[in-house]
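# Observations on chain architecture
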Amino acid sequence: MIQPLTDITILDLSRLQSGPSCSQMLGYLGAYIIKVEDTDGGDVTRLDKINESSEHNSHFTIFNNNKESITVNLKTPQGKEILEKLILKSDIILENFSHGIMEKLGFSWNHIKKINPKIIYASIKGYSNYHSYNNYKSFESTAQAISGLMSVNRDSNQIPRFAPIGISDSGAGLHMVIGILAALMQRDRNGVGQKVEVSLYDSMVNLMRIQIMKYINSEMDKDISYDSNSEDTVIFQCNPFGPDDYLVIHLVGEMLENVLILIGREDLLEDVNLYNTYNETIIPAIQKWTKTKTKIEAFHELARAGIWCAPVMHPEEISNDPYLIEKNMITKIPNNFGKDYRTIGLPINFELINPNIKKAPEYGEHTDKILKELLNLSEDEISSLKDIGVVL
């Protein structure tokens, strides 16, 4: 079966997380991704080890599967010429540099679309280039701060807390995937490319909309008291009482009643107040029951009864979850250059598409291949470029 984005070529100048997470997702859907890396070591995440247990436990391998790597020194005239030729061969150019870097390199949007009027220019920034935050820089944690996420995610002392996930970066990447696919459909209609810009701040505001909408159309007072329990969701401790031995249960309406019936406390049904689950009898009774179960045991018993609940899972537990392994969300990647490694798969299921996930490229692994096959350069021409440091 032909992949949906087969014959779409993406020129990926991005690094770190926001851009690479976007292009990787498109690569999983069949796009041909050319990752352009500088001649000074390439994407810095190649050096950013998550732990020292494996050569593949770097941030680079997480976000750069299904790509080919070419090294190009874009500060040289010859490097700029190579990039111009690649732009001519591409459907999309993706970058997440700070404001003004592409212009300094000589590749403004006006110049890019003169080279290839059909190309889609996908640009991810910390903030869009508007007056208020013009040229400001941002990254994962600062985007969490300004978007309100840290305000609603506080510790027991009410200190704003950083969420240790890539929600700002990967959130912007996923928003850009949507923008690119829409621009491709628009191009199919009118034959013209366009610039698509996504910022970390805008993306986070979109993801924070439930919290922000509490205030955007009303004059609610600010409330910085954030309990570990929400209005209708409660965290219960489970056996054997370790740091992650907790179960989250949604207790509202019939679900609360069903929980009481399941744990054998029908006698408490008369105490149920659908507008207030936190009383002196019901919550302790449920807690007494969860303490006799592991979080997994309690989860399955409640979930099978149709109750919304989930165990608090440690990342190590998630990496070995049979459900994720069975559906290839945790998938093994063959690697001819070293040991096979596991990575995160595609979180989208298709009836007619089976994504083929390939390993992340070695630094400059495909430089010769791309120059030969895509740009038709000879061996002598490639050797000359290597001799003067334009490519490696």
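Residues numbered from 1 in each chain as written. Predicted model: local features only at pLDDT ≥ 70, side-chain atom pairs only at ≥ 80, totals over all residues. Heavy atoms only, no water.

Running from amino to carboxyl end, helix α1 (residues 18–28) crosses helix α8 (residues 167–190) at an angle of 45°, the nearest separation of the two axes being 7 Å. Taken together, α1 and α8 sit at an angle that is classed as oblique. For the pair α1 and α8, the crossing hand works out as right-handed. Contacts between α1 and α8 involve Ser18, Ser21, Cys22, Met25 and Leu26 on the former and, on the latter, Asp169, Ser170, Gly173, Leu174, Met176, Val177, Ile180 and Leu181. When grouped by side-chain class, the residues that make up the contact of α1 with α8 number eight nonpolar, four polar and one charged. (Axes fitted to C-alpha atoms, helices over the stretch in contact; angles between N-to-C directions. Helix = DSSP H or I, 4+ residues; strand = E, 2+ residues; numbered from the N terminus. Parallel < 35°, antiparallel > 145°, perpendicular 65-115°, else oblique. Left-handed = near helix turned anticlockwise from the far one by under 90°. Contact = heavy atoms within 4.5 Å. Nonpolar A, V, L, I, M, F, W, Y, C, P; charged D, E, K, R; others polar.)

This brings us to the sheet that holds strand β6 (residues 195–199). Strand order in the open sheet made by the six strands is β3-β2-β1-β4-β5-β6, with parallel pairing throughout. Of all the strands in the sheet, just β3 (67–71) and β6 have a single pairing partner and so form its edges. The average undirected angle you get between the axes of adjacent strands in this sheet is 20°. Looking at chain direction, strand β2 (residues 32–37) and β3 are connected through five bridges and run parallel. Bridge assignment links glutamate 37 to a residue of β3, and that residue is threonine 71. (Pairing = 2+ DSSP bridges.)

Turning next to the nonpolar core. If you look at the biggest cluster of nonpolar residues, it comprises 35 residues, and the most contacted ones within it are Leu26, Ile92, Met176 and Ile180. Going through the elements one at a time, α1, β4 (92–95), β5 (120–125), α8, β6 and α9 (200–207) are the ones with two or more residues in this core. Those residues in contact with isoleucine 180, other than ones at most four positions away along the chain, are Cys22, Leu26, Ile92, Ile120 and Ala122. In this structure, Leu11, Leu74, Leu86 and Val391 belong to the second largest nonpolar core, which totals 30 residues. (Core = buried A, V, L, I, M, F, W, Y, C linked by side-chain atoms within 4.5 Å. Buried < 20%, exposed > 50% of the residue type's maximum accessible area, 1.4 Å probe, protein only.)

This next bit is on unusual backbone geometry. Going from asparagine 239 to proline 240, the amide bond is cis rather than trans, its omega being 10°. Mapped onto the elements, proline 240 comes out in the loop between β7 (233–237) and β8 (246–250). Here the phi dihedral of asparagine 328 falls at roughly 65°; this positive angle occurs in a residue that is not glycine. Of note, asparagine 328 is situated in the loop between α15 (322–326) and β10 (330–333).

Attention now goes to the sheet that holds strand β9 (residues 309–311). Taken together, three strands build an open sheet; the order of strands is β7-β8-β9 and the sheet is antiparallel. If you trace the sheet from one side to the other, it starts and ends with β7 and β9, each paired once. This sheet shows a mean twist of 20° between the axes of neighbouring strands, independent of strand direction.

Relative to the helices and strands, aspartate 43 is located in the loop between β2 and α2 (59–63). Residue aspartate 43 is classed as buried on the basis of its relative accessible area of 3%. For aspartate 43, the contacting residues outside a window of four places in its chain are Ser14, Arg15, Leu16, Pro20, Lys35, Glu37, Phe60 and Asn64.

Under the definition given, this model contains 15 salt bridges. A salt bridge links lysine 359 to glutamate 365, with the shortest nitrogen-to-oxygen separation between them at 2.9 Å. Its relative accessible area of 15% is what places lysine 359 among the buried residues. Taking the shortest distance from any N to any O, the salt bridge between lysine 369 and glutamate 373 comes out at 3.5 Å. Linking lysine 369 with glutamate 373, this pair stays in helix α16 (residues 367–373), spanning four residues, or about one helical turn. The network of salt bridges with shared partners includes Glu68, Lys369 and Glu373. (Salt bridge = Lys/Arg side-chain N within 4 Å of Asp/Glu carboxyl O.)

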